[in-house]
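# Structure assessment
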Amino acid sequence: MWSTRLAFILAASGSAVGLGNIWRFPYTAGEYGGGAFVLVYILCVVLIGVPIMMAEIMLGRRGRRSPINTMRALASAEGRAPAWQLLGWMGIVAGFLILSFYSVIAGWTMGYIFRAASGLFTEIDATGAGEMFSGLIGDAERLLAWHTIFMVMVVLVVARGVAGGLEKAVRILMPALFVLLVVMVGYGMQAGDFDTAVAYLFEPDFAEFQGKAGEAILSAMGQAFFSLSLGMGAIMIYGSYLKRDSSIAQNTMIIAGLDTLVALLAGLAIFPIVFAHGLAPDSGPGLIFQTLPIAFGDMPGGSFFGALFFVLLLFAAWTSAISLLEPLVAWLVENLSFSRVRASVLGGLTVWLLGIACLLSLNAWSEVKIFGKGFLDLFDFLTANILLPLGGVLIAIFAGWMLSRASSSDELQMDDGPAYRLWRLLIRYVAPIAVGIVLLNAVGVLGWIGLG
Ligand code: TRP
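Keep in mind the model is a prediction, meaning the values are calculated, not measured.

### Some details on the nonpolar core
- Of all hydrophobic cores here, the largest spans 170 residues; its most connected members are W108, F309 and F310.
- In contact with W108, not counting residues within four places along its chain, are W23, F133, L136, I137, L143, P285, F289 and L362.

Below you can see the structure in the form of structure tokens.
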């Protein structure tokens, strides 16, 4: 159990805030032209993400076990099919795939701590920053070393149990990351092209989707699931450690609000630099690694602040990564009576192997394509845009249709007032229908039956 309500909020925000906000959000927004993507993203957070996060926490707290066993127990308590536990299995697969590439990107972050600290950012220009980045991702051995170190860090924490150290780290380091992001936004106002960046991010123009609206909306929705850690049981398992007397709705608003704020701040820190230096907003996953060094290289004390920023980003990634491994470890401990240590090492090793395929797809295996994507891109697409939304729909259907009204209003501690009714409307209709349409469109079913 979390010692306090604050501990739960810290841990869940630690899971939500990570590379998804600072690395993935800006470059995905940049790929789809900015404002319109950001608007769809925010709508997804509010209308789909918030109700599903409440549902996940609620199910977790009612089940009080790992996601697979929680789903089985709740299905049986409500007289529903045991097959609902498959939802838990899907989450474990998604967590594995996400962590395998997440760890590689966290490795880039580690590499950049040392590049910053050794003064390599000083007066670097866009070309230099681009070369620094391609130098790193072209070096498979270096990537492997960082990926290995990061996975060891994750396994060490998960093996010791979630609470404790994690709480303390999040309490200090998250606010520090937040402050540093605000400083970077300040730098962008002063030295970057801030007005263009604000217009780019907050003046939606749907022409930006350029005939790729389906893909853009899918990506915005996927980004919402990814950033809020939804759809695979991570928030569910954190909910299972939450005390009964804590308001799920309030906690959710705080977590989702913080997460969105951090993503928007990251956008406001990065795009002023992008525009001031004539970089392309759609340069892909390297975007922050090619822009932030320019800013740090230009500011007084930049080597120190740059290193500090990447250290804090590494911690944010660490607290997120832990929640990706936790559902599997909890299940191995509950069902196969593994010790936490053995379960974490086994899970970590599997992820480590998958991660090698991801990091090789950046260099030696760059020619290997499945559905036109290398492993890293494939795992990213498959999880964020397909598995997490699919998990989300199933969670919404279970919470809205399978769980009795009495159970959900009891667990959410909401009486039958407007707030509960709004939640029920969103979870029963809005979330499943919206996510369903976007997913069906993505796999081509709508076009096939002549609707898309
Ligand atoms: N939300 C985290 C981020 O934005 C990543 C993450 C952690 C995650 N746990 C998750 C994503 C569970 C999906 C599901 O960096």
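### Re the packing of aromatic side chains
- If you walk through the whole model with that rule in mind, you get 29 aromatic pairs.
- Ring geometry for F133 versus F289: centroids 5.9 Å apart, planes at 15°, classification stacked. One end of the pair, F133, is in helix α6 (residues 126–137); the other, F289, is in helix α13 (residues 287–298), with 156 residues separating them in the sequence.
- Classification of F133 by relative accessible area gives buried; the value is 8%.
- The class of F289 is buried, set by a relative accessible area of 0%.
- Plain terms: the ring middles of F309 and F310 are 5.4 Å apart, the flat faces sit at 90° to each other, and that makes the pair edge-to-face.
- A relative accessible area of 1% places F309 in the buried class.
- In this structure F310 comes out as buried when scored by relative accessible area, which is 0%.
- Taken together, the ring pairs connect W108, Y112, F121, F133, F289, F296, F309 and F310 into an aromatic cluster.
- Across from the ring centre of W401, 3.8 Å away, lies the NZ or CZ of R428, which sits over that ring.

### Here's the deal with the side chain of T70
- Position of T70 relative to the elements: it lies in helix α4 (residues 67–77).
- Every residue in contact with T70, bar those within four places of it in the chain, is listed here: L59, G60, G63, R64, R65 and M236.

Cut-offs applied
Residues numbered from 1 in each chain as written. Predicted model: local features only at pLDDT ≥ 70, side-chain atom pairs only at ≥ 80, totals over all residues. Heavy atoms only, no water. Core = buried A, V, L, I, M, F, W, Y, C linked by side-chain atoms within 4.5 Å. Buried < 20%, exposed > 50% of the residue type's maximum accessible area, 1.4 Å probe, protein only. Contact = heavy atoms within 4.5 Å. Phe/Tyr/Trp six-rings, centres within 6.5 Å; stacked < 30°, edge-to-face > 60°. Helix = DSSP H or I, 4+ residues; strand = E, 2+ residues; numbered from the N terminus. Lys NZ or Arg CZ within 6 Å of the ring centre and 35° of its normal.

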